[in-house]
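The primary structure of each chain is shown beneath.
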Amino acid sequence: MGEAPAFYVDDMQRSFSNGVDLKLTGFETATAIGNKTYVIGGNDDPTSNGVRIFDKSTGEWVIPTVLGTKPKALEGHSCLVLNQDKILIIKSNSKSNESVWFLEVDTQFIQDQKRKFDSEVVAWSKGVIGDAERPVVISGPSGVGKGTLINLLMKEFPTKFGFSVSHTTRAPREKEQNRVHYHFTKRSVMEEEIKAGKFLEFAAVHGNLYGTSIEAVDVVADAGKRCILDIDVQGARSVRASSLEAIFIFVCPPSFEELEKRLRARGTETEEQIQKRLRNAKAELEQGNSPGLFDHILVNDDLEACYERLKNILGISKSMNTASKTQIEVFDLPVDLSLSKINENVLINCGPAEQSVVLDLSSMKGGAPGRTRGLNMYAFDPITEGANGCNF
Ligand SMILES: Nc1ncnc2c1ncn2[C@@H]1O[C@H](COP(=O)(O)OP(=O)(O)OP(=O)(O)O)[C@@H](O)[C@H]1O
Ligand SMILES: Nc1nc2c(ncn2[C@@H]2O[C@H](COP(=O)(O)O)[C@@H](O)[C@H]2O)c(=O)[nH]1
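About the cut-offs
- Residues numbered from 1 in each chain as written.
- Chains lettered and ligands numbered in written order.
- Predicted model: local features only at pLDDT ≥ 70, side-chain atom pairs only at ≥ 80, totals over all residues.
- Heavy atoms only, no water.
- UniProt positions renumbered as here; feature names shortened; annotations may be inferred.
- Near = heavy atom within 4 Å.
- Polar contact = N/O pair within 3.5 Å; in protein donor to acceptor, adjacent residues only side chain to side chain.
- Areas by Shrake-Rupley, 256 points an atom, 1.4 Å probe, with all protein chains shown as cover.
- Helix = DSSP H or I, 4+ residues; strand = E, 2+ residues; numbered from the N terminus.
- Nonpolar A, V, L, I, M, F, W, Y, C, P; charged D, E, K, R; others polar.
- Core = buried A, V, L, I, M, F, W, Y, C linked by side-chain atoms within 4.5 Å.
- Buried < 20%, exposed > 50% of the residue type's maximum accessible area, 1.4 Å probe, protein only.
- Contact = heavy atoms within 4.5 Å.
- Pairing = 2+ DSSP bridges.
- Axes fitted to C-alpha atoms, helices over the stretch in contact; angles between N-to-C directions.
- Salt bridge = Lys/Arg side-chain N within 4 Å of Asp/Glu carboxyl O.

- Within an unreviewed UniProt entry, the label attached to the protein reads guanylate kinase, and the organism entered is Centaurea solstitialis.
- In its Catalytic activity (unreviewed entry) section, UniProt records this for the protein: "GMP + ATP = GDP + ADP".
- Of the comments in the UniProt record for the protein, the one headed Sequence similarities (unreviewed entry) reads "Belongs to the guanylate kinase family."

## Focus on the site of ligand 2
Part 1 of the argument: The local shell around ligand 2 holds 18 residues, among which Ser166, Arg170, Tyr182, Tyr210 and Asp230 are the closest.
Part 2 of the argument: Within the side chain of arginine 173, a nitrogen or oxygen atom sits 2.7 Å from an oxygen atom of ligand 2.
Part 3 of the argument: Separating an oxygen atom of ligand 2 from a side-chain N or O atom of threonine 212 is a distance of 3.3 Å.
Part 4 of the argument: Surface burial for ligand 2 is 95%, taken as the share of its 510 Å² of free accessible area covered by protein chains.
Part 5 of the argument: Elements that contribute at least two residues to the shell around ligand 2 include exactly β17 (199-205) and β18 (208-213).
Part 6 of the argument: Split into classes, the residues belonging to the shell around ligand 2 amount to 5 nonpolar, 6 polar and 7 charged.

## Description of the nonpolar core
Part 1 of the argument: Core analysis: the largest hydrophobic core is formed by 23 residues, its most contacted members being Ile138, Leu153, Phe161, Ile228, Ile249, Leu310 and Leu314.
Part 2 of the argument: For this core, the elements supplying multiple residues, two or more each, are β13 (136-139), α2 (146-156), β20 (247-252), α6 (256-266), α7 (271-287) and α8 (303-313).
Part 3 of the argument: Excluding residues within four positions of it along the chain, phenylalanine 161 makes contact with Leu153, Met154, Lys225, Arg226, Ile228, Leu314 and Ile316.
Part 4 of the argument: Of all hydrophobic cores here, the second largest spans 19 residues; its members include Leu80, Ile129, Leu361 and Leu375.

## Topic: the site of ligand 1
Part 1 of the argument: Residues in contact with ligand 1 amount to 14 residues; listed here are only the nearest, Ser142, Lys146, Gly147, Thr148 and Arg266.
Part 2 of the argument: Within the side chain of arginine 262, an N or O atom sits 3.3 Å from a nitrogen atom of ligand 1.
Part 3 of the argument: Residue leucine 303 places a main-chain N or O atom 3.4 Å away from a nitrogen atom belonging to ligand 1.
Part 4 of the argument: Protein burial of ligand 1: of its 640 Å² of free accessible surface, 73% is covered by the chains.
Part 5 of the argument: Listed by contribution, the elements that provide at least two residues to the shell around ligand 1 are α2 and α6.
Part 6 of the argument: Among the residues forming the shell around ligand 1, the class breakdown is 3 nonpolar, 6 polar and 5 charged.

## Looking at the sheet that holds strand β14 (residues 161-163)
Part 1 of the argument: If you walk across this open sheet you meet the 5 strands as β14-β19-β13-β20-β21, and the pairing is parallel. The open sheet is flanked by β14 and β21 (296-299), the only strands paired with a single partner. Averaged over all neighbouring strand pairs, the angle between strand axes comes to 25 degrees, with direction disregarded.
Part 2 of the argument: Summarising the sheet, β14 and strand β19 (residues 226-230) pair through 3 bridges and their orientation is parallel. Residue pairing for β19: phenylalanine 161 is matched across the bridge by arginine 226.

## Things to note about the pattern of salt bridges
Part 1 of the argument: Under the criterion given, the structure shown has 31 salt bridges.
Part 2 of the argument: Residue aspartate 85 pairs with lysine 86 through a salt bridge whose shortest N-O separation is 3.4 Å.
Part 3 of the argument: When its relative accessible area of 13% is taken as the criterion, aspartate 85 is described as buried.
Part 4 of the argument: Put simply, glutamate 133 and lysine 160 hold a salt bridge, and the shortest N to O gap is 2.8 Å. Placement of the pair is glutamate 133 in the loop between β12 (121-129) and β13 and lysine 160 in the loop between α2 and β14, with a sequence separation of 27 residues.
Part 5 of the argument: Sharing partners across several salt bridges, the network here consists of Arg170, Arg173, Glu176, Arg266, Glu269 and Arg277.

Here it is in structure tokens:
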């Protein structure tokens, strides 16, 4: 069963932790793990960013750094502690596919971030019902044709793929649009955002800062699309070390001379910038072969042939554009619900008049920063199905 939290709520909806009034407001909940009580939700107070922590050992409140994209309008919800390192949050009065969230409070990722920030850190990840397709990281030297290949893919499969719009401190090129090709950003602003933990990865590339925000990847996932990231080799290494579980593809030119020809023919860089990019390309081509980093090496010789090979790697064909996705059943969750847990199953009790819902966590993977995928959710009638060998 779910662990009993070390707080209680009196008749006046006031929660106490070791005798201290937590002064819960509105839709806030309090969940205790060890010495800490996590107060979640409420009226989107910007100073607490939706999470505040009462530390019983010091008797002090702590406002943590909150990473990841938090749920919108986190009003009524129920919480359950999982593995003492994360809190499962089920939003009430919501669609089941939007209802499952995790707040990581002491996972390996959080422990690493706490060391980095030298302060209290928590991170949101959205629960995805079913197994969303793995994001695709495409790397390779400047001018090799990554953007050209990605454009072909997005044009042919507009409903299937979404581009992760990076941040950069470089100036826009003539036809580049802010928020479409990049989020063009001042270095000082981007540095602040990096410090605030908003980036999945970032790197200094050809003298500018580039980075993928957690939000850029979440926006694509929220649109139900498979995310494509066009990032350099350093960025690929960081993503490899994260929980994103992407497919990594390195694009090579047929020769160094051909790479230089393409970069010059594109006509977007000064001679000095071209020289810098070509110098960096040598190092990148060496790193592209680092063991364990890239899953596939793609030589972009003939564009059409290379594009076909890319589609093969991604396991797609033209017919997939129209093929319907496996439908996941969507339930309405009521205003009042409660949670209990047995083994890997969470029972979402929806009240006597409603069918209950089971959230099966056994195939759960991923996590912050990103998504927690592989969840299974189905309606459950405890009266008729309880006797039929279900796990409850
Ligand atoms: N297979 C190919 N054969 C010939 N030209 C190509 C091929 N692929 C791409 N190009 C051309 O090479 C140039 C560079 O391509 P592109 O801008 O896509 O490179 P990129 O890898 O995205 O570069 P960057 O990392 O600098 O953004 C473009 O002018 C493009 O039209
Ligand atoms: N680590 C990251 N690298 C990125 C990101 N977005 C783009 N890039 C890489 O930068 C170079 C140069 O790009 P350009 O648009 O200035 O030609 C190229 O290799 C891109 O792959 C990012 O978010 N993170």
